[in-house]
Amino acid sequence: MESINSKLNADSARFWWRLPVINRRAWTWEDTNSHIHCGQWWQHAVIYQIFPQSFCDASGDGIGEKLDYIAALGVEAIWLNPIYPSTHEDAGYDVTNLTDVDPRFGYLGDFKRLLELAHLRGLKVILDQVWNHTSSAHPWFQESKKNRSNNKADWYVWADAKPDGSPPNNWISAFTGENAWIWEEEREQFYLANFMPSQPDLNWHHSEMIRTLLNQSQFWLELGVDGFRIDAVNFFVHDRKLRDNPQRGENDAEPDGIAADNPLAKQKFCNSFCRPETLEKLTYVRQLMERYPGTVALGEVTLCEDSIELSGQYVKDNDRLHLAYNSALLEDEPLSAPMLHDIMKKTLKHFPEGGQCWMVGNHDYQRLRSRWTGHKSNEEPYSKEFYRMVIGLLVTL
């Protein structure tokens with residue numbers, strides 16, 4: 001009997017993630033009129049990001065074992081980076097088909113099985129949605145670039161060259177640091193690419209494009225996914241008049257979410273993206289999600305003038321996003337009590353009724369241990385205990 005108990009104890013230690021999670025968090029909040037509200041699952045959720053390219057089953061235990069491990073951590077949801085067919089020039093964010101699974105990750109049947117297994121373990125599943133742009137290999141763009149009169153001619157952002165043949169304005173790509181306009185010989189116009197040249201921006205001033213895009217995303221909601229993480233929300237809308245971005249003055253504050261040496265940081269973000277009209281477009285997103293109760297729309301709002309202030313606008317009232325994450329904790333210096341106090345004070349101001357999703361790192365930003373390069377007096381990096389404390393702090397915010 002003793003040997004059997006020893007074996008059971010050993011197995012419990014080895015497969016500790018199989019043990020049930022207890023004391024899941026309950027969540028309530030008090031509005032400005034002192035009324036208490038019960039929360040949705042996403043208002044208290046810890047979300048575990050999975051980057052499919054690197055999250056492999058090297059041990060051969062199967063996805064069930066991986067999900068057991070994740071569930072035992074106490075998280076409520078997993079967020080899958082793009083799993084769609086792609087040219088993979090930008091880690092899957094250059095989508096060629098939004099309603100299928102890339103063969104390198106499996107097939108649609110495999111995803112359905114993953115969704116089933118996750119739900120059996122009490123895990124919600126959030127899918128990445130790339131709505132700002134597509135791959136230049138996407139069928140939509142292939143048709144759009146042919147001429148100026150086809151059915152999808154205006155589904156992307158096109159503009160004529162200036163009389164001297166130069167791009168229409170001074171907008172700069174966030175990725176390349178060069179002009180964001182790419183010349184297309186076949187159509188004899190420039191197209192806008194706020195990120196990579198192979199990622200043409202969709203035209204969010206075109207209602208038919210928006211309707212078709214959201215209808216494709218509805219495909220995943222019908223399958224039973226629990227929400228969307230929406231990429232680069234504040235890039236959706238551009239200035240119709242194609243006005244230049246003003247230059248950033250010496251006394252102007254530095255923008256959030258971008259390195260100071262990036263040429264884009266020398267401009268103010270007001271015409272190529274971060275347009276106020278974006279708020280109107282979020283209504284369409286919320287209307288889609290409301291058709292599937294219990295689902296969440298989580299927006300990425302990191303690269304902008306003031307990410308806390310702007311992301312707070314994106315979750316205001318009941319006709320925009322449910323959640324947004326921003327650059328609040330993406331500092332390149334160690335967290336300190338005064339810094340956290342200021343961040344919390346500002347966040348509470350701009351998120352009076354919740355909606356802030358705290359994030360300290362993801363596929364776009366280095367892990368916090370690489371960014372927070374604080375040192376102790378003996379010039380050694382912070383101890384493991386410090387980072388564990390920060391993780392504990394993060395889940396209590």
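Thresholds applied
Throughout this description, residue numbers start from 1 for each chain and increase along the sequence as written. Given that the model is predicted, a residue must reach a pLDDT of at least 70 before its local features are reported, and side-chain atom pairs must reach 80 or more before they are shown or counted; all residues, however, enter totals for whole chains, interfaces and linings. With hydrogens and water set aside, each side-chain value is computed from the structure's full complement of heavy atoms. Between any two strands, pairing holds if DSSP finds at least two bridges. Strands here mean DSSP runs of E at least two residues long; helices mean DSSP runs of H or I at least four residues long; both are numbered from the N terminus. For every residue, the predictor assigns a confidence score, pLDDT, that lies between 0 and 100. When checking whether two residues touch, look at their non-hydrogen atoms; a contact exists if any pair is within 4.5 Å. Multiplying 1.5 Å by the residue count of a helix minus one yields the expected span of that helix. Residue exposure (1.4 Å probe, protein chains only): buried if accessible area is under 20% of the type maximum, exposed if over 50%, otherwise partly exposed. For this quantity, the arc is that covered by the directions from the helix axis to the C-beta atoms. Any pair of nitrogen or oxygen atoms within 3.5 Å is treated as a polar contact; in protein, a donor-acceptor pairing is required on top of that, and neighbouring residues in sequence qualify only through side-chain atoms on both sides. To obtain an axis, a line is fitted to C-alpha atoms, over the contacting stretch when the element is a helix, and the angle between two such axes runs from 0 to 180 degrees between their N-to-C directions. The labels follow the angle: roughly parallel below 35 degrees, roughly antiparallel above 145, roughly perpendicular from 65 to 115, and oblique for the rest. In this scheme the crossing of two helices becomes right-handed for a clockwise turn of the near helix relative to the far one and left-handed for an anticlockwise turn of less than a right angle. Gly is put with the polar residues, along with every residue not named as nonpolar or charged; the nonpolar set is Ala, Val, Leu, Ile, Met, Phe, Trp, Tyr, Cys and Pro, and the charged set is Asp, Glu, Lys and Arg. Under the pairing criterion, centres of Phe, Tyr and Trp rings, with the six-membered ring standing for Trp, must be within 6.5 Å; the plane angle then separates stacked pairs below 30 degrees from edge-to-face pairs above 60, leaving the rest tilted. In this analysis the charged atom, NZ for Lys or CZ for Arg, is taken to sit over a ring once it is within 6 Å of the ring centre and within 35 degrees of the ring normal. Nonpolar cores are built from buried Ala, Val, Leu, Ile, Met, Phe, Trp, Tyr and Cys residues. Side-chain atoms within 4.5 Å join them into one set. Any two cysteine sulfur atoms within 2.5 Å of one another count as a disulfide.

Caption draft 1: Up close: the sheet that holds strand β6 (residues 158-159). Ordered by their spatial adjacency, three strands build an open sheet running β6-β8-β7, and the pairing between neighbours is antiparallel. One side of each edge strand has no neighbouring strand; the edge strands of this open sheet are β6 and β7 (181-184). Bridge count between β7 and strand β8 (residues 189-192): four bridges; the pairing is antiparallel. Paired with Trp181 across the bridge in β8 is Leu192.

Caption draft 2: Highlighting the confidence of the model for the chain. Scored by pLDDT, the chain has a mean of 88; 85% of the residues are at 70 or more. Across residues 14-25, confidence stays below pLDDT 50; counting only partners more than four residues off in sequence or on other chains, it has 21 contacts.

Caption draft 3: Main features of helix α6 (residues 278-290). Compared with the 18 Å implied by 1.5 Å per residue over 13 residues, the 19 Å span of α6 between its first and last C-alpha is a close match. Regarding α6, the residues found buried are Thr278, Leu279, Lys281, Leu282, Val285, Arg286, Leu288 and Met289. Across the axial projection of α6, the buried residues extend over an arc of 155°, all falling on one side. Buried residues along α6 sit in contact with α5 (207-223), β9 (227-230), β10 (296-300) and α7 (307-314).

Caption draft 4: Focus on the side chain of Thr134. In this structure, Thr134 sits in the loop between β5 (124-129) and α4 (139-144). Here Tyr156 takes part through its side chain, which lies 2.8 Å from a polar atom of the side chain of Thr134. Residues in contact with Thr134, not counting those within four places in the same chain, are Val95, Tyr156, Ser198, Gln199, Pro200 and Leu202.

Caption draft 5: Representation of helix α3 (residues 108-120) in the model. Over its 13 residues, α3 runs 19 Å from end to end, which matches the ideal 18 Å to within 8%, given 1.5 Å per residue. Phi turns positive one or two residues past the end of α3, at Gly122, with a value near 75°.

Caption draft 6: Seen up close, the packing of α5 against α6. Between α5 and α6, the shortest axis-to-axis distance is 11 Å and the interhelical angle comes to 30°. When the interaxial angle is binned, α5 and α6 end up roughly parallel. Classified by chirality, the crossing of α6 by α5 is right-handed. Two secondary-structure elements touch here, α5 through Ile210, Leu214, Gln218 and Leu221 and α6 through Lys281, Tyr284, Val285, Leu288 and Met289. In terms of residue class, the contact of α5 with α6 is made up of seven nonpolar, one polar and one charged.

Caption draft 7: Expanded view of the packing of α7 against helix α8 (residues 337-350). It is at 9 Å that the axes of α7 and α8 come closest, and there the two elements cross at 25°. Looking at the two axes, α7 sits roughly parallel to α8. Taken as a pair, α7 and α8 cross one another with a handedness that is right-handed. For the pair α7 and α8, the contacting residues are Ile308, Glu309 and Gly312 in the first and Ile343, Lys346, Thr347 and His350 in the second.

Caption draft 8: Spatial organisation of the packing of aromatic side chains. The full count for this structure, using the stated rule, is 17 aromatic pairs. Between Phe195 and Phe235, the aromatic rings sit 4.7 Å apart at their centres with planes inclined by 45°, giving tilted as the arrangement. Of the two residues, Phe195 is situated in the loop between β8 and α5 and Phe235 in the loop between β9 and α6; the sequence distance between them amounts to 40 residues. The interplanar angle of 85° and the centroid separation of 5.0 Å between the aromatic rings of Phe219 and Trp220 together place this pair among those described as edge-to-face. Among the residues examined, Phe219 registers a relative accessible area of 28% and is labelled partly exposed. An aromatic cluster is built from Phe175, Phe195, Phe235, Phe269 and Phe273, whose rings are joined through pairwise contacts. The ring centre of Phe269 lies 5.2 Å from the NZ or CZ of Arg248, which sits over that ring.

Caption draft 9: Region of the structure containing the nonpolar core. In terms of nonpolar packing, the biggest core is built from 97 residues, with Phe111 and Trp131 touching the most fellow members. For this core, the element with the most residues is α5, which contributes six residues. Not counting residues up to four positions away in its chain, the partners in contact with Trp131 are Leu98, Leu202, Trp204, Leu213, Leu214, Ser217, Phe228, Ile230, Phe236 and Val285.

Caption draft 10: Broad picture of the sheet that holds β5. Across the sheet, which stays open at both edges, the six strands sit in the order β3-β4-β5-β9-β10-β11 with parallel pairing between neighbours. This sheet does not close on itself; its edge strands, each paired only once, are β3 (47-50) and β11 (323-325). Strand-to-strand, the axes of this sheet are offset by a mean angle of 25°, without reference to chain direction. Pairing geometry for β3 and strand β4 (residues 77-80), over four bridges, is parallel. Pairing of Gln49 across the sheet is with Trp79, part of β4. In the packing of α3 onto the sheet, the strands contacted are β4 and β5, and the crossing angle to β5 comes to about 140°.

Caption draft 11: Molecular detail of the state of the cysteines. Scanning all chains against the criterion turns up zero disulfides. Left without a disulfide partner, Cys270 is nearest to the cysteine sulfur of Cys274, which lies 8.9 Å away. Looking at Cys274, it has no disulfide partner, and the nearest cysteine sulfur is the one in Cys304, 5.0 Å off.

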